[in-house]
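# Structural characterization, general
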Amino acid sequence: MKVIICGAGQVGYGIAERLSLEDNDVSVIDTSASLVAHITETLDVRGYVGHGAHPDVLARAGADQADMIIAVTLYDEINMIACQVAHSLFNVPTRIARIRSQNYLRPEYSDLFSRDNLPIDVAISPEIEVGKMVLRRISFPGATDIVRFADDNVAMLAIECMEDCPVVDTPLQQLSELFPDLMATVTAVYRNGKLRIVNSRDQLSVGDLAYVICQRDHARRTLGLFGHEEQEAGRIVIAGGGNIGYYVARTIEEMQPKTRIKIIESDRERAISVSEQLRMGIVLHGSALDQNILQQADIENADLIVTLTNNDQTNILSAAMAKRLGCKSGMVLINNPSFHDLAGSIGIDAYINPRAVTISRVLQHARKGRIRAVYAVQKGMAEVIEAEALETSPLVGRPFRELELPAGLRIGAIYRDGTVIRPNGDTKIKAKDRVVIFATAGAVKDVEQMFRVSIQYF
């Protein structure tokens, strides 16, 4: 597949890295010569210095032969025009744009991104995607990561096995026998820097990060089985009243009206604007790095601080300071991957990687076959994929024990007619089933092949 990426920043680089490793023909456009030089020196991609919305630049990048354009520059208008030009002049089939301004995404303008207006197939809002991730993590405090699939009926939980974890040193098959009605499957484990698929004979160890796919309604019970019974936060302090912070606060007010919300915002005008739009939330004007402001927010009695400013250092340090002042838990937004390990070493409980969230949304549309959702984990070491089974799929109609599945993947759940099924040896996949799979990076192509229309696979 030939792909053009407009924007060589962190998100553009991450997308180019993933797609180029999968033998796609990738071209990257950016106005920064240094960014283009960096990406071409480190990745197997072509680089072009220029404006991503200019026809001559797109032509040089091979837009007349491109299968997809992904516009992820810092500017919404450039991303939108790049997609328009790619459609109107070069007839690029698939057009994806990152749209950050919420004004473009309001419900009353839902027809804006259509073939007759602005021909954008997928408009990705990083702020909304990250906001949804933050809300999921708040709802399930025992999980270090959580993503939903199959119309929110299936969840993938990343669960850390602590010293008091009841299920360590127990064969996974035995857990299935002890809890036959629990719709949950351990699919993979991250241990000592390596990620691997597990089988029924494997055991979990202290320090493991287990990836579990389960029925959403069984998520809390699954966390409890792993010894995580943390209570949902009742008092939350949010550092940063930008698009993400406001979205999180407003949604909590609507969905959990008993939760007490306080926001710290450094820009006075923005603080006033947010305070006027919230019904119950209290907005404080000041810096989250100011101990006095944190104390005014009653941080010592808070269950959780969520730091969502646009500065990684501010997010990390303010969360660390809040915990030192008595806040029970901290969740941090971190853009720079090099800070991820630092966050854990200074006691930060969880972090959100906005780049990973955006890249996962893009990969969903870059995948071949009937792929409905994709979420990348551990910096691209693996993906959780939701795919729809077709009549021609080699998985359909045969019991699991007879399937010769490629190495590097494990099926975690099947969603059929509103019901979640935990697979066992007798399970048979039917056409139109939605299958949630954990696949290592090397097995992603196998998953694509199994869910393509063609019958030519095994």
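Residues numbered from 1 in each chain as written. Predicted model: local features only at pLDDT ≥ 70, side-chain atom pairs only at ≥ 80, totals over all residues. Heavy atoms only, no water.

- The protein chain goes by Trk system potassium uptake protein TrkA in an unreviewed UniProt entry, where it is assigned to Peteryoungia desertarenae.

## Some points on the overall build of the protein chain
- Helices and strands together make up the secondary structure of the protein chain, namely 14 helices and 22 strands.
- Relative to the globule expectation of 23 Å for 458 residues, the C-alpha radius of gyration of the protein chain, 23 Å, shows essentially globular dimensions.
- By principal-axis analysis of the C-alpha atoms, the protein chain measures approximately 65 × 65 × 45 Å.
- Here the protein chain, with 458 residues, has 55% of them falling under the buried criterion.
- Sequence-distant contacts in the protein chain: of pairs separated by 6 or more residues, those separated by 24 or more amount to 65%.
- The protein chain carries 49 positive and 57 negative side-chain charges, and their two centres are separated by 3 Å. (Helix = DSSP H or I, 4+ residues; strand = E, 2+ residues; numbered from the N terminus. Rg over C-alpha atoms; globule rule 2.2 N^0.38 Å. Buried < 20%, exposed > 50% of the residue type's maximum accessible area, 1.4 Å probe, protein only. Contact = heavy atoms within 4.5 Å. Lys, Arg positive; Asp, Glu negative; His and termini not counted. Charge placed at Lys NZ, Arg CZ, Asp CG, Glu CD.)

## Regarding empty space enclosed by the protein
- Applying the stated rule across the entire model yields one cavity of 30 Å³ or more.
- Estimated volume of the largest cavity: approximately 40 Å³.
- Around the largest cavity sit M1, L19, E22, N24, A366, R367, K368, K445 and E448, which together line it.
- Across the lining of the largest cavity, the residue classes tally to three nonpolar, one polar and five charged. (1 Å grid on protein atoms, 1.4 Å probe; cavity = no way out; pocket = protein on both sides within 12 Å on 5 of 7 lines; lining within 4 Å. Points joined across faces, edges and corners; volume = space filled by probe spheres on them. Nonpolar A, V, L, I, M, F, W, Y, C, P; charged D, E, K, R; others polar.)

## Re helix α13 (residues 354-366)
- A rise of 1.5 Å per residue sets the reference length of α13, with its 13 residues, at 18 Å; its end C-alpha atoms lie 19 Å apart and thus fit the reference within 8%.
- The buried fraction of α13 is high, at eleven of 13 residues.
- Restricting attention to buried positions, one finds in α13 the residues P354, R355, V357, T358, I359, S360, R361, V362, L363, Q364 and A366.
- Measuring from the backbone nitrogen of R355 back to the side-chain oxygen at the start of α13 gives 3.1 Å, which picks out N353 as the cap. (Expected span 1.5 Å × (residues − 1). Polar contact = N/O pair within 3.5 Å; in protein donor to acceptor, adjacent residues only side chain to side chain.)

## Some details on the pairing of strand β10 (residues 194-197)
- Judged by which residues are buried, β10 turns out to be one-sided: L195 and I197 face inward and are buried, whereas K194 and R196, on the alternate face, are not.
- As paired elements, strand β9 (residues 184-191) and β10 share four bridges and run antiparallel to each other. Across the sheet, A188 pairs through a bridge with I197, a residue of β10.
- Here β9 hands over to β10 after two residues, with N192 in that stretch at a positive phi of 55°. (Pairing = 2+ DSSP bridges.)

## Some points on the sheet that holds strand β1 (residues 2-6)
- In spatial order, the strands read β3-β2-β1-β4-β5-β6; together these six strands make up an open sheet with parallel pairing. The open sheet terminates on both sides in strands that have one partner only, identified here as β3 (46-49) and β6 (122-124). Across the sheet, the axes of successive neighbouring strands diverge by a mean angle of 15°, strand direction being ignored.
- Summarising the sheet, β1 and strand β4 (residues 68-71) pair through four bridges and their orientation is parallel. By the bridge assignment for β4, I4 is matched with I69.
- Strand contacts of helix α2 (residues 33-42): β2 (25-30) and β3, with the helix running at about 175° to β3, the strand carrying the most contacts.
- Helix-sheet contacts for helix α4 (residues 76-90) involve β1, β4 and β5 (94-98), and the interaxial angle to β5 is about 170°. (Axes fitted to C-alpha atoms, helices over the stretch in contact; angles between N-to-C directions.)

## Concerning the UniProt feature "domain: RCK C-terminal" (unreviewed entry) in the protein chain
- Sites flagged by UniProt as "domain: RCK C-terminal" (unreviewed entry) map to residues 144-229 and 372-453.
- Structurally, residues 144-229 comprises 16% helix and 36% strand, and the distance from its first C-alpha atom to its last is 13 Å. (UniProt positions renumbered as here; feature names shortened; annotations may be inferred.)

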